[in-house]
Amino acid sequence: MSLALELIRKSLQRQFAYRAANLAGFATNLFFGVLRASLFIGVYGTQTTVAGYSRQAAITFTALSQAYLSFMFMFGWWDLIRVIKSGDIASSLLRPVDLFAWWWWQDVGRALVQVLWRGLPIVVLFALFYGILLPPSLAHWLAMLAAMFIGLLTSFSWRFLVSLSAFWTQDAIGIGRLAWGLSNLLSGFLIPVAYFPDWLRTAVRFTPFPAMINTPIEIFLGLIPARALPLALVEQSLWAVALVGLCYLVQTAGLRKLVIHGG
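Described below are features of the structure shown in this document. Counting restarts for each chain: residues are numbered from 1 in the order of the written sequence. Totals for whole chains, interfaces and linings use every residue, but because this is a predicted model, local features are given only for residues with pLDDT of at least 70 and side-chain atom pairs only at 80 or more, for both listing and counting. As a rule here, side-chain values come from all non-hydrogen atoms in the structure, and water together with hydrogens is ignored.

**Re the pattern of salt bridges**
- Here, a salt bridge means any side-chain nitrogen of Lys or Arg that lies within 4 Å of a carboxyl oxygen of Asp or Glu. Counted according to the given criterion, the structure contains 4 salt bridges.
- Glutamate 6 serves as the salt-bridge partner of arginine 9, at 2.6 Å between the closest nitrogen and oxygen. Here arginine 9 and its partner glutamate 6 are both found in helix 1 (residues 2–17), 3 residues apart, which amounts to about one turn of the helix.
- Note on classification: 1.4 Å probe, protein chains only; a residue is buried when its accessible area is under 20% of the maximum for its type, exposed when over 50%, partly exposed between these limits. Here arginine 9 falls in the partly exposed class, since its relative accessible area comes to 36%.
- Judged by its relative accessible area of 31%, glutamate 6 falls in the partly exposed class.
- Between arginine 159 and aspartate 107 there is a salt bridge whose closest N-O contact spans 2.8 Å. On the criterion of sequence distance, the pair formed by arginine 159 in helix 7 (residues 138–163) and aspartate 107 in helix 6 (residues 99–129) is long-range, its members being 52 residues apart.
- We classify arginine 159 as buried; its relative accessible area is 1%.
- Residue classification places aspartate 107 among the buried positions, given a relative accessible area of 3%.
- Overlapping salt bridges bring together Asp107, Arg110 and Arg159 as one network. Secondary structure is summarised from DSSP: a helix means a run of H or I of at least four residues, a strand means a run of E of at least two, and numbering begins at the N terminus for each.

Here's what the structure looks like:
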């Protein structure tokens, strides 16, 4: 645990060191958030509800999805791919900590900084200028916090799993771009899963992607009733556990295949 806390602390320090980059990222997130909110307002027109989302719920969805974007790191993660392709993975394997855990605890530190730099300010600004909905009960607040953590673990595991493809292919970055695009769409980041056609919405429920963005947002909005919150968190946790397990299986297979400098 002490090592995990140290990794989180180092990641926090590294993230806070890039103030200009964080401010630029916040400005970009806010710009696209305002653009997306304007599109939703235009789409609703005189309608009060679309697929169970009121206009205010759609605006709140926009604020939250933009806030979760950097927290979940939905737009792409290349660090592990580069480490594998450069051969620096050899030094990583000499560390007294598991490869998955090493990257996971650093990602937790990164995510905490992104909540402070981008997530909370975006939500506050949307609340001031647009007005947003708030969770309807304390149970929803607590479940939302739990869902954010589980969603982060699910997102990280997906990114880690995709990055492990670098053990087998020279075009892991191309695979990553395809994977991030797929997760952005199916996670409910671009539009709520409730907006999908019935057949696609049903199919997506059998994937881990909604657990990253859609579940935390629906909990926040109160679209999942209090009595169903435990089941929603259990389903989300099962996807996280399944992906973590798959990561370890693929990691073991990749390390067995690994050859560095002909060794």
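Now that the structure is up, let's keep going.
**A word on the packing of helix 6 against helix 11 (residues 229–257)**
- An axis is simply a line fitted to the C-alpha atoms; with a helix, the fit covers only the stretch in contact. Between two such axes, the angle follows the N-to-C directions and lies from 0 to 180 degrees. Put simply, helix 6 and helix 11 touch, their axes get as near as 10 Å, and they point 130° apart. When the interaxial angle is binned, helix 6 and helix 11 end up oblique. Facing helix 6, whose interface residues are Leu99, Phe100 and Ala101, helix 11 presents Val244, Cys247, Tyr248 and Gln251.
- Class assignment of the residues belonging to the contact of helix 6 with helix 11 gives a composition of 6 nonpolar, 1 polar and no charged. Any angle that falls under 35 degrees is termed roughly parallel, while one over 145 is termed roughly antiparallel, one within 65 to 115 roughly perpendicular, and all others oblique. We call two residues contacting when some pair of their heavy atoms lies within 4.5 Å. Note on residue categories: nonpolar means Ala, Val, Leu, Ile, Met, Phe, Trp, Tyr, Cys or Pro, charged means Asp, Glu, Lys or Arg, and polar means any other residue, Gly included.

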